[in-house]
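The chain contents come next:
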Amino acid sequence: MSSFHGHPPRPGSPGILPWLAMPALVVFVAFAVIPLVGVFALSFTTWDGIGAINPSGLASWRAVLTDPRLPHALWVTFLVMAVSWAVQTPVSILLGVFLAGRQRYRAVLGVVYFVPLMLSSAAIAIAYKALLDPNFGLGAGLKIQVLSQDWLGRPGLAFGIVVFVVSWQFIPFHSLIYQGGVQQIPKSLYEAAQLDGAGTVRQFFSITLPQLRYTIVTSSTLMVVGSLTFFDLIFVLTEGGPGDATRVLALDMYKRGFQASLMGQASAIAVILVLIGLALALLLRRLGGRDAGASQLEGV
């Protein structure tokens with residue numbers, strides 16, 4: 001007679017769910033929590049990246065928070081975040097709605113639109129830097145005076161180019177999110193609207209946009225938090241210049257840590273970036289409503 005009493009737990013039973021989550025939890029702790037704790041501890045030290053790590057209390061934090069360049073870096077970071085969001089969101093929504101159609105050519109276009117996302121940010125920056133060169137770039141080659149400006153040598157133009165290149169690279173990703181969101185909208189809503197005589201534009205503003213509310217929250221969260229980590233593209237494209245016109249906080253962190261060998265100050269800026277990202281993510285989730293997460297899970 002078997003000594004096992006009862007039935008073995010089913011895959012969907014509550015008793016086995018914690019064990020199924022254990023691998024993901026271990027990876028999260030190993031590659032997210034522990035490094036974050038290490039960076040936080042490192043922000044209270046003085047270290048050049050090679051020699052001994054010396055505890056220094058709040059010296060690194062004091063140096064970062066009293067640096068007059070910090071407010072400017074914060075301003076540029078939030079400006080890049082806001083302008084890139086304002087550019088990417090409407091374009092991504094329109095492309096997502098367009099690609100959600102059933103015509104065959106739209107699937108081909110969807111693949112073409114997705115190509116920029118598969119390229120590395122450094123490669124994209126090198127390509128655009130060559131194209132925008134006033135002496136040997138696209139404008140000089142085509143003999144077009146308007147395109148032969150010093151795009152990366154003027155603060156306003158350089159900032160606009162950074163926003164344009166960032167948007168060009170990441171619009172395909174967010175378009176894919178919106179495409180999936182549109183495909184989850186019940187077709188009966190559009191059929192009822194057509195019976196009532198609503199046109200395409202009216203259906204877009206009365207049905208599509210309201211139904212994409214939680215998708216917009218998800219996309220905006222990824223967009224806003226992701227903009228805090230823009231570094232490689234800006235570093236290769238402008239190196240934070242001209243002057244400090246495009247010196248975002250992530251680039252400031254790199255320059256302090258790997259160019260000035262001030263790892264303690266760089267770690268303090270990293271902690272600030274994490275706190276800002278967490279605050280913005282919680283704010284967007286609150287603005288989107290409590291059901292945002294549940295709605296996204298239902299659509300998966």
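Residues numbered from 1 in each chain as written. Predicted model: local features only at pLDDT ≥ 70, side-chain atom pairs only at ≥ 80, totals over all residues. Heavy atoms only, no water.

A. Focus on the pattern of salt bridges. Applying the stated criterion across every chain yields a total of five salt bridges. When the shortest N-O distance is used, the salt bridge between arginine 256 and aspartate 67 registers 2.5 Å. Placement of the pair is arginine 256 in helix H12 (residues 249–259) and aspartate 67 in the loop between helix H2 (59–65) and helix H3 (69–99), with a sequence separation of 189 residues. Here the two residues arginine 256 and aspartate 67 agree in accessibility, since each one is buried. Between arginine 247 and aspartate 244 there is a salt bridge, and its shortest N-O distance comes to 4.0 Å. Assessed through its relative accessible area of 9%, arginine 247 is described here as buried. By relative accessible area, aspartate 244 is classed as partly exposed at 30%. Salt bridges sharing common partners tie together Asp67, Arg69, Asp244, Arg247, Asp252 and Arg256. (Salt bridge = Lys/Arg side-chain N within 4 Å of Asp/Glu carboxyl O. Helix = DSSP H or I, 4+ residues; strand = E, 2+ residues; numbered from the N terminus. Buried < 20%, exposed > 50% of the residue type's maximum accessible area, 1.4 Å probe, protein only.)

B. Quick peek at the packing of helix H8 (residues 187–195) against helix H9 (residues 200–211). As a packed pair, H8 and H9 sit with axes 11 Å apart at the nearest point and diverge in direction by 160°. On the basis of the axis angle, H8 is roughly antiparallel to H9. For H8 against H9, the interelement crossing comes out right-handed. Packed against H8, whose contacting residues are Leu189, Tyr190, Ala193 and Gln194, the element H9 presents Gln203, Ile207, Thr208 and Gln211 at the interface. (Axes fitted to C-alpha atoms, helices over the stretch in contact; angles between N-to-C directions. Parallel < 35°, antiparallel > 145°, perpendicular 65-115°, else oblique. Left-handed = near helix turned anticlockwise from the far one by under 90°. Contact = heavy atoms within 4.5 Å.)

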